[in-house]
Amino acid sequence: MNPNEAQSADGQETDWDPRGEDVQRNQIRAYDHMRGTCPVAHSDYLGWSLFRHADVLQVVTDHRGFSNVVSRHPSVPNGMDPPEHAGYRQLIERYFTQQRVDAFEPVCRQIAGELVGSLKASSTWEVMSSLAEPYAVRVQCGFLGWPEGLHGPLRQWVRKNQEATLARDTEAMASIALEFDSYIRAQLDARKSAEGAAPEDITTELLRQTIDGERLAYADIVSILRNWTVGELGTIAACVGIIMHFLAQNQEVQSRLRKDRARLPLAIEEILRLNGPLISNRRTARRSVVIGDRQVEAGDRVTVIWASANRDPAVFEDADQYRPDRDQSSNLLYGAGIHVCPGAALARMQLRVMISEVLSGISQFTLASDCEPVHAIYPAGGLASLEIQTDGASPQVA
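Reading guide: rules and limits
- Residues numbered from 1 in each chain as written.
- Predicted model: local features only at pLDDT ≥ 70, side-chain atom pairs only at ≥ 80, totals over all residues.
- Heavy atoms only, no water.
- Helix = DSSP H or I, 4+ residues; strand = E, 2+ residues; numbered from the N terminus.
- Polar contact = N/O pair within 3.5 Å; in protein donor to acceptor, adjacent residues only side chain to side chain.
- Contact = heavy atoms within 4.5 Å.
- Buried < 20%, exposed > 50% of the residue type's maximum accessible area, 1.4 Å probe, protein only.
- Axes fitted to C-alpha atoms, helices over the stretch in contact; angles between N-to-C directions.
- Parallel < 35°, antiparallel > 145°, perpendicular 65-115°, else oblique.
- Nonpolar A, V, L, I, M, F, W, Y, C, P; charged D, E, K, R; others polar.
- Salt bridge = Lys/Arg side-chain N within 4 Å of Asp/Glu carboxyl O.

### Considering the side chain of Asn68
Then, in step 1: Locating Asn68 in the fold gives a position in the loop between strand E5 (66-67) and helix H4 (84-93).
Then, in step 2: Within polar-contact distance, the side chain of Asn68 engages the backbone oxygen of Asn78 at 2.7 Å.
Then, in step 3: Every residue in contact with Asn68, bar those within four places of it in the chain, is listed here: Asn78, Gly79, Met80, Asp81, Arg283 and His339.

### Here's the deal with the environment of Leu115
Then, in step 1: With respect to the secondary-structure elements, Leu115 resides in helix H5 (residues 98-117).
Then, in step 2: According to the relative accessible area criterion, Leu115 is buried, its value standing at 8%.
Then, in step 3: For the pair Leu115 and Glu357, spaced 242 residues apart in sequence, the C-alpha separation works out to 9.3 Å.

### As for the packing of helix H12 (residues 264-274) against helix H14 (residues 344-361)
Then, in step 1: Relative to each other, H12 and H14 sit at 105 degrees, their axes nearing to 10 Å. Of the possible angle classes, the one that applies to H12 and H14 is roughly perpendicular. Across the interface between the two elements, Leu264, Pro265, Ile268, Glu269 and Leu272 of H12 pack against Arg348, Leu351, Arg352, Ile355, Ser356 and Leu359 of H14.
Then, in step 2: Within the contact of H12 with H14, the residues separate by chemical class into seven nonpolar, one polar and three charged.

### A word on the environment of Leu206
Then, in step 1: In this structure, Leu206 sits in helix H9 (residues 202-208).
Then, in step 2: For the pair formed by Leu206 and Val222, sequence separation is 16 residues and the distance between their alpha carbons is 9.8 Å.

### Section: the pattern of salt bridges
Side-chain pairs of opposite charge can arise where the charged atoms are in close proximity.
Then, in step 1: Across all of its chains, the model carries 27 salt bridges by this definition.
Then, in step 2: The partner of Glu205 in a salt bridge is Arg100, and the shortest N-O contact between them spans 2.9 Å. Remark: Arg100 occurs in helix H5 and Glu205 occurs in helix H9; sequence separation between them is 105 residues.
Then, in step 3: Given the relative accessible area of 21%, Glu205 is considered partly exposed.
Then, in step 4: Taking the relative accessible area as the measure of exposure, Arg100 reaches 27% and is therefore partly exposed.
Then, in step 5: Across the pair Arg273 and Glu270 runs a salt bridge whose closest N-O atoms are separated by 2.8 Å. Taken together, the positions of Arg273 and Glu270, both in helix H12 and three residues apart, correspond to about one turn of that helix. This pair shows no difference in class: Arg273 is buried, exactly as Glu270 is.
Then, in step 6: Here the residues in one salt-bridge network are Arg29, Asp32, Arg35 and Arg311, joined through shared partners.

Limitation: the analysis is restricted to geometry and does not speak to function.
The structure is reproduced here in structure tokens:
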């Protein structure tokens, strides 16, 4: 990660290799290093990468200077700019009201309880495959009204998508994207055919929605559901893994949360500030601008590194320390600006419920002594594999 070590294909200085072994070994530590040594860095792979909180905030809150349209494929509403973005954003926000979140909580608690219950007989288990990933798939299908028969295919799809993304296999990525769209279209087709007998769920509701007096196009509904589902499956699973890893390493914190569940919301927010589940987002510069001491030109790709910005000591005192009582108003866990995550309340509830069920159903746990955790590789965050072991005692009930 030595600054200015080579020239990229477009003649720009190449400051780092985002896919280098030293970065992928531990992304969070690598981004800490870049923030301190080369906070605005260029690479062929990501364009301009921004590591400081102020620089990230500058870009994501300036929708006139930086566009969210970063792909030739439509993305509703994430990949839209004003004024088009506003109507679609308003439409989807109605699905994430606090009333809907509260109504869905018992379903999440049942799913989490079942998954935790299935692990009680074992003293050692792998978190990602047995808890985090199935929870993410099941709660998302439950939220959208999708059948249990999709649980397995969706988990397989996530793995195939990650492998293709890591390999930068564009042909495979295109094929995998079409496969996912086929799952969505099958759900839409079934509801359309059923007409009045269609289930009253969010997927059916989207078929009835309008923009400027016109029914949503099929392609727009597919894009909305794709964005919700792909984002949910990856980030919720990553979050569960990150939190479990932290609690396994920090026995005092785990014990404290077992005794006082009211501390869970702030604890989760702080744990995920320390180790971000969503590593980055992309933008395209609309005009020439200086960021830090670097000149960014119109048309340049810009990557905001959330996982670094949230550990910036210029914003967070003792940034690498767990301090759950700190002011979280600057935490960019759910983004910022007009594209801030609309499902933040839903995600917070899902994570609180899962971790609460773990603490109620599983006794004190630590990292498995014979199996090192495996960090995820960009663009994924968190862990690829995490083994934990329990002490076999009865869990403390708050």
